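Report on the structure
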Amino acid sequence: MSAPTNAAPKTVTVGVTGASGSICSRHLLDALERDERVATINLILSDSGLRVMAEELGVSGRNEVVNKLLGRLPAKIQQQNNNDIGANVASGSYATDAMIVLPCSMGTLARIANGMAIHLIERAADVCLKECRPLILCVRETPFNRIHLRNMTLAAEAGATIFPVIPAFYFLPASTDDIAREFVNRVLAHVGLPQEGAYQWKME
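Note that the coordinates shown come from a computational prediction; the quantities given were computed from them, not determined experimentally. (Residues numbered from 1 in each chain as written. Predicted model: local features only at pLDDT ≥ 70, side-chain atom pairs only at ≥ 80, totals over all residues. Heavy atoms only, no water.)

**Re the nonpolar core**
Threshold: For this analysis, a nonpolar core means a set of buried residues of the types Ala, Val, Leu, Ile, Met, Phe, Trp, Tyr and Cys, connected via side-chain atoms within 4.5 Å. Exposed residues in this analysis have more than 50% of their type's maximum accessible area, buried residues have under 20%, and partly exposed residues fall in between, with area computed by a 1.4 Å probe over protein chains only. Contacts between residues were defined by any pair of non-hydrogen atoms, one from each residue, lying within 4.5 Å.
In terms of nonpolar packing, the biggest core is built from 34 residues, with Val 14, Leu 32, Ile 100, Leu 102, Cys 138 and Leu 188 touching the most fellow members. Contacts of Cys 138, omitting those with residues within four sequence positions, involve Ile 100, Val 101, Leu 102, Pro 103, Cys 104, Phe 163, Val 165, Phe 183 and Val 187. Core analysis: the next-biggest nonpolar cluster, separate from the first, contains 23 residues, Ala 113, Leu 120, Ala 125 and Val 139 among them.

Right, here's the structure in full:
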């Protein structure tokens, strides 16, 4: 658990879409739940994201998915319907400190980059961009085609941070959980929530 600070508790929006990488989503939600600096987590799951979770983690059922992911009842997570464009995070008047889309599919990236806010995930991301709030898009695809690269450039020019789901190996991970956890540590540090125990490179 991260040490508490004097800063105001943070509100974080998390979008989970239909790209591979559900293990990272699990570690992200777990870290945010445990972090005393975070007061509220608005979670938006796309239908495709739920399907990938079922395939990769064996977790299914929209209503109980968070309990199954964490292995406990969540204390801070407020699950939002991706079809509800009237949700709190759809308005710039609702104060959100950061939004993380992990994983971010190429379809979601395309809609965010081109201002096509069809679902709540894209609308919440659009709000972050227009309000100049941190938006982290953890894109997951390989190889990238030119359309993907152009959309990443468009999103970056609009103010998003493109944070590809690329594993690190220099800290000698022993498991896929280690890899996912360290990736999440890097993402959270980027939005001002550095995690206790995160690996730091030191020259000998």
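**Some details on the packing of aromatic side chains**
Short version of the rule: Pairs were defined over the aromatic rings of Phe, Tyr and Trp, the Trp ring being its six-membered one, requiring ring centres within 6.5 Å. Orientation was assigned from the angle between planes: stacked under 30 degrees, edge-to-face over 60, tilted for the rest. Numbering goes from the N terminus for both helices and strands, where a helix is a DSSP run of H or I of at least four residues and a strand is a run of E of at least two.
Throughout the structure, instances matching the rule amount to 5 aromatic pairs. Measuring from centroid to centroid gives 6.4 Å for Tyr 170 and Phe 171, while their planes differ by 70°, and the two rings are edge-to-face. Residue classification places Tyr 170 among the partly exposed positions, given a relative accessible area of 45%. Between the aromatic rings of Tyr 170 and Trp 201, the centroid separation amounts to 6.1 Å while the plane-to-plane angle is 85°, which identifies the pairing as edge-to-face. Here Tyr 170 is found in the loop between strand 6 (161-162) and helix 7 (176-190), whereas its partner Trp 201 is found in the segment after helix 7, with 31 residues between them in sequence. Aromatic rings pair up to connect Tyr 170, Phe 171, Tyr 199 and Trp 201 into one cluster.

**Comments concerning the state of the cysteines**
To be explicit about the condition: Criterion for a disulfide: a pair of cysteine sulfur atoms at a distance within 2.5 Å.
Enumeration over the complete set of coordinates arrives at 0 disulfides. A disulfide-free cysteine, Cys 24 has its sulfur positioned 8.0 Å from the sulfur of Cys 138, the nearest such atom. Unpaired in this structure, Cys 104 has its nearest cysteine sulfur neighbour in Cys 138, at a distance of 8.0 Å. Given a relative accessible area of 0%, Cys 104 falls into the buried group.

**A look at the sheet that holds strand 4 (residues 98-104)**
Quick note on the threshold: Pairing between two strands is assigned when DSSP locates at least 2 bridges connecting them. Angles shown run from 0 to 180 degrees and are taken between the N-to-C directions of axes, each axis being a line fitted to C-alpha atoms and, for helices, limited to the stretch in contact.
Strand order across the open sheet formed by 6 strands is 3-2-1-4-5-6, with parallel pairing between neighbours. In this open sheet, the two strands that pair with only one neighbour each are strand 3 (77-81) and strand 6. Pairing of strand 5 (residues 135-139) with strand 6 involves 2 bridges; the strand directions are parallel. The residue bridging Ile 136 from the neighbouring strand is Thr 161, located in strand 6. Here helix 4 (residues 106-113) sits on the sheet and contacts strand 4 and strand 5; the angle it forms with strand 5, its principal contact strand, is near 145°.

**Regarding helix 2 (residues 47-57)**
Under the convention used in this document: Read the arc as the range of directions from the helix axis to the C-beta atoms.
When helix 2 is considered as a whole, its buried residues turn out to be Gly 49, Leu 50, Val 52 and Met 53. Buried positions in helix 2, seen along its axis, are confined to an arc of 165° and lie on one side of it. Residues of helix 2 that are exposed and point over 90 degrees away from its buried face: Asp 47, Arg 51 and Glu 55. Looking at the packing, one finds that the buried side of helix 2 touches strand 1 (10-16), helix 1 (22-34), strand 2 (38-45) and helix 3 (65-70).

**A closer look at the pairing of strand 4**
For strand 4, the buried fraction is high: 7 of the 7 residues fall into the buried class. Side chains Ala 98, Ile 100, Leu 102 and Cys 104 project from strand 4 onto one buried face, and the interleaved Met 99, Val 101 and Pro 103 project onto a second face that is buried too. Pairing geometry for strand 1 and strand 4, over 4 bridges, is parallel. Residue Val 14 lies in a different strand from strand 4, and its bridge partner there is Ile 100. In this structure, strand 4 lies alongside strand 5, joined through 4 bridges in parallel fashion. Bridge assignment links Met 99 to a residue of strand 5, and that residue is Leu 135.

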